[in-house]
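# Structure at a glance
Residue strings, one per chain:
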Amino acid sequence: MVPHQPNHSLVQEHSRLDRATVDAFVGLADTLRPCVSKEAQIMLATLTQTKESCALSHISSTKEGCVYTSFVPHQPARRDLYIVKHVVATQEFSVARLYFNQFRHRPDGDGADCFVVLDAQFYNEDVLSVLLCEEGEHADTKVPLLVQLTLKQVHGCFQPLPQAMPHTAVLVEMALQPFDAARCLEKMDFRRLEKMRAASFAVSGARNVVCVLFHSRRRVRTFEMDVEEEEDDEDGDEDEEDKEANFTTDKDMAEFPDDDKENSF
């Protein structure tokens, strides 16, 4: 715990908290270092600028006995999404290079546009959540898409990596065959996020929640995933949209004008 000093400015308090956080993690790393050994190494990408960042996420699959790592390289287009599979028992690595283009069940047209990957995080050990936005001159005005990509849907897209691969090899610079993951998606696997410009998101499969950050970075919208529909005892009929929807959004958002949704707190 870092005690609060009322006579210090917020800048001074932030500096003290930052130093305390660094010291805490450095001490933890020094303690755990003798207990950790490196068995394999793969260089995913190289950063040419300190401000560059990659959307990185990983999860352990107890069912398959492997570790999945997803990342979106910092590139001008940001079209590619890489998923690396590491089988712990055999130390085998395979990778899938994915992009999103031709949606079979696109709700607003023929789905011929390319999509930019804004963010990607594992929802649970079976599903990877992907936040997309249409590419183009006016991409900021496009409606983003929230995709729930099941790893089984892209199982055939993984390509094995050579075991004797040099440590200096960079994964994003390899000539890997890209696959259009949009062709694997069903209508229930994605949804348009109306009346918002998205920047990034956070997901939690344990809580069945996806929280999307607006482009203004001043507002978030929360979605409840996998909501069970209540049965209608009177006539047993369900609205068609309710059948297709596998998550709901905050109802209060509908009461705000479009400008307030983007700019208000």
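Everything discussed here concerns the structure shown above.
### Here we look at the overall build of the protein chain
Regarding its fold elements, the protein chain presents three helices and 14 strands. Excluding contacts between residues fewer than 6 apart, the proportion of contacts in the protein chain whose partners are at least 24 apart in sequence is 52%. Carbon and sulfur atoms make up 51% of the accessible area of the protein chain, which amounts to about 16,600 Å² in all.

### Here we look at the packing of aromatic side chains
The description of an aromatic ring pair rests on the distance of the ring centres and on the angle between the ring planes. Evaluation of the coordinates by the stated rule reveals five aromatic pairs. Aromatic pair F71 and Y82: ring centres 5.1 Å apart, planes at 15°, arrangement stacked. With F71 in strand β2 (residues 66-72) and Y82 in strand β3 (residues 81-87), this residue pair connects regions lying eleven residues apart in the sequence. You'll find F71 and Y82 in the same group, each marked buried. Ring pairing ties together the aromatic residues Y68, F122 and F158, which thus form one cluster.

### Quick look at the pairing of strand β5 (residues 115-122)
In terms of burial, β5 is largely enclosed, as six of its eight residues are buried. As judged from the seven bridges shared by β5 and strand β6 (residues 127-134), these two strands associate in the antiparallel manner. The partner of V117 across the bridge, within β6, is L132. Adjacent in sequence and paired antiparallel, β5 and β6 are bridged by four residues.

### Thoughts on the pattern of salt bridges
Enumeration according to the criterion identifies eight salt bridges in this entry. The salt bridge partner of D126 is K63, with a shortest N-O separation of 2.9 Å. Residue D126 is located in the loop between β5 and β6, and its partner K63 is located in the loop between β1 (55-61) and β2; the two are separated by 63 residues in the primary sequence. The partly exposed category is assigned to D126, whose relative accessible area is 28%. K63 gets classed as exposed once you look at its relative accessible area, which sits at 63%. The closest approach of N and O atoms between K85 and E64, which form a salt bridge, is 3.1 Å. Note that K85 is positioned in strand β3 and E64 in the loop between β1 and β2, a separation of 21 residues in sequence.

How each quantity is defined
Residues numbered from 1 in each chain as written. Predicted model: local features only at pLDDT ≥ 70, side-chain atom pairs only at ≥ 80, totals over all residues. Heavy atoms only, no water. Helix = DSSP H or I, 4+ residues; strand = E, 2+ residues; numbered from the N terminus. Contact = heavy atoms within 4.5 Å. Areas by Shrake-Rupley, 256 points an atom, 1.4 Å probe, with all protein chains shown as cover. Phe/Tyr/Trp six-rings, centres within 6.5 Å; stacked < 30°, edge-to-face > 60°. Buried < 20%, exposed > 50% of the residue type's maximum accessible area, 1.4 Å probe, protein only. Pairing = 2+ DSSP bridges. Salt bridge = Lys/Arg side-chain N within 4 Å of Asp/Glu carboxyl O.

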